[in-house]
Amino acid sequence: MTPKLRRPWAAALLVWITAVLVFLAVDRLLGGALAQALGTASVWFYAAFGLASEMTYGAAAVASWRVVYGQWIIRVAWQWPLFLWSLAGGAGLGGLLSAASRLYRAPFGDPWPSDAGDLTPSVTGRPSALILLLVVLVLIAPVMEEWLFRGVFQTSLEAAAGPWAAMAVTAVIFALAHELDASNPALQPWLWTTILPLAAGLGVIRLKTRSMSGNIGLHLGYNLWAAVLIVWPLVR
């Protein structure tokens, strides 16, 4: 159950300010520093950048929730059946969207869904970095991102704009956060064919169930599929 807003006037404003600060910090400061230290061709860069990004998202979620609702954590009743069904659905959705995206992008010479193709060559021969990358991708990212985007952004925006508008705005913010990490998003518009449907699905689950169990399950399942795409070329 969502607690009562402690500062209703701050809900939408805080969400937008937090979004801008988080994205600037992660994409500009952390990304630039790690690129200089590790090099963008190293899997350690992807693993460290991913871990730093998710920790930043988590910190932003805690700070926002504290200001808007007066609490340090989001208290939810965990629903295992919903989580497990959503986990399976997320993996299936990842497979369907990546197949559709591959067909769409084939004429452009890019057969990979998202940026998995860029990661695969860099993980060869670096098992420890690969393990860290997979832990971040499959276990940490779904929790931190859902906490921030659906738990804080969407929930807070509902007070100002209504449930469906909040879901749509959050989906666009979520997609922007991921697509700005692409090497050249302006030249890779097909990336939106996988991220926006995922974001919409995550928003609908949060809206209909009022539980984070489904969101985290769907997101985890989707990222698990992405992990398979990274590992599969190494083991086949």
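What you see is a predicted model; the values in this text were computed from it and never measured.

## What about unusual backbone geometry?
Here is step 1: The residue R210 is not glycine, and still its phi comes out positive at about 55°.
Here is step 2: Note that R210 resides in the loop between α7 (192–209) and α8 (212–235).

## Considering the packing of aromatic side chains
Here is step 1: In total, this model carries 8 aromatic pairs according to the counting rule given.
Here is step 2: Seen from their ring centres, Y57 and F149 are 5.7 Å apart, and the 70° between their planes marks the pair as edge-to-face. With Y57 in helix α2 (residues 43–69) and F149 in helix α5 (residues 127–161), this residue pair connects regions lying 92 residues apart in the sequence. By the burial criterion, Y57 is buried, and F149 matches it.

## Focus on α5
Here is step 1: Along α5, the largest kink reaches about 50° and is centred on I140; proline P142 follows within four residues of it.
Here is step 2: With its phi angle positive at about 95°, G162 sits one or two positions after the end of α5.

## Topic: the pattern of salt bridges
Here is step 1: Tallied over the entire structure, the rule returns 2 salt bridges.
Here is step 2: The partner of E146 in a salt bridge is R150, and the shortest N-O contact between them spans 2.7 Å. Of this pair, E146 and R150 both sit in helix α5, 4 residues apart, roughly one helical turn. For the pair formed by E146 and R150, the shared burial category is buried.
Here is step 3: The salt bridge involving E158 is made with R210; its shortest N-O contact spans 3.2 Å. Linking E158 in helix α5 with R210 in the loop between α7 and α8, this pair joins segments that are 52 residues apart in sequence.
Here is step 4: Using a relative accessible area of 18% as the deciding quantity, one classes E158 as buried.

## Considering a nonpolar patch on the surface
Here is step 1: On the surface, W225, V228, W232, L234 and V235 cluster together into a nonpolar patch covering about 460 Å² of accessible area.
Here is step 2: Examined against the element boundaries, W225 turns out to sit in helix α8.
Here is step 3: With a relative accessible area of 30%, W225 lands in the partly exposed category.

## Side note on the packing of α7 against α8
Here is step 1: Across the interface, α7 lies against α8 with an axial gap of 8 Å and an inter-helix angle of 160°. By the angle class used here, α7 and α8 are roughly antiparallel. By crossing handedness, the relation of α7 to α8 is classed as right-handed. Along the contact surface, α7 presents T194, L198, G201, L202, I205 and R206, while α8 presents M212, G214, N215, L218, H219 and Y222.
Here is step 2: Its residues assigned to classes, the contact of α7 with α8 shows 6 nonpolar, 5 polar and 1 charged.

## A word on α2
Here is step 1: Taking 1.5 Å per residue as the helical rise, α2 with its 27 residues ought to reach 39 Å, and the 38 Å between its terminal C-alpha atoms agrees with that figure.
Here is step 2: Remark: G70 follows α2 within two positions and exhibits a positive phi of approximately 75°.

## Regarding the side chain of S213
Here is step 1: Locating S213 in the fold gives a position in helix α8.
Here is step 2: For S213, the residues in contact, after removing those within four places along its chain, are A77, W78, Q79, L82 and F83.

## Comments concerning the environment of E145
Here is step 1: With respect to the helices and strands, E145 occurs in helix α5.
Here is step 2: In this structure E145 comes out as buried when scored by relative accessible area, which is 4%.
Here is step 3: C-alpha of E145 to C-alpha of F174: the two residues are 29 residues apart in sequence and 8.7 Å apart in space.
Here is step 4: When residues no more than four places from it in sequence are discounted, the contact partners of E145 are E54, Y57, R150, F174, H178 and H219.

About the thresholds
- Residues numbered from 1 in each chain as written.
- Predicted model: local features only at pLDDT ≥ 70, side-chain atom pairs only at ≥ 80, totals over all residues.
- Heavy atoms only, no water.
- Helix = DSSP H or I, 4+ residues; strand = E, 2+ residues; numbered from the N terminus.
- Phe/Tyr/Trp six-rings, centres within 6.5 Å; stacked < 30°, edge-to-face > 60°.
- Buried < 20%, exposed > 50% of the residue type's maximum accessible area, 1.4 Å probe, protein only.
- Bend = angle between axes of the 7 residues up to and from the residue.
- Salt bridge = Lys/Arg side-chain N within 4 Å of Asp/Glu carboxyl O.
- Patch = residues over 30% accessible without salt bridge, like charges linked within 9 Å, V, L, I, M, F, W, Y side chains within 5 Å.
- Areas by Shrake-Rupley, 256 points an atom, 1.4 Å probe, with all protein chains shown as cover.
- Axes fitted to C-alpha atoms, helices over the stretch in contact; angles between N-to-C directions.
- Parallel < 35°, antiparallel > 145°, perpendicular 65-115°, else oblique.
- Left-handed = near helix turned anticlockwise from the far one by under 90°.
- Contact = heavy atoms within 4.5 Å.
- Nonpolar A, V, L, I, M, F, W, Y, C, P; charged D, E, K, R; others polar.
- Expected span 1.5 Å × (residues − 1).

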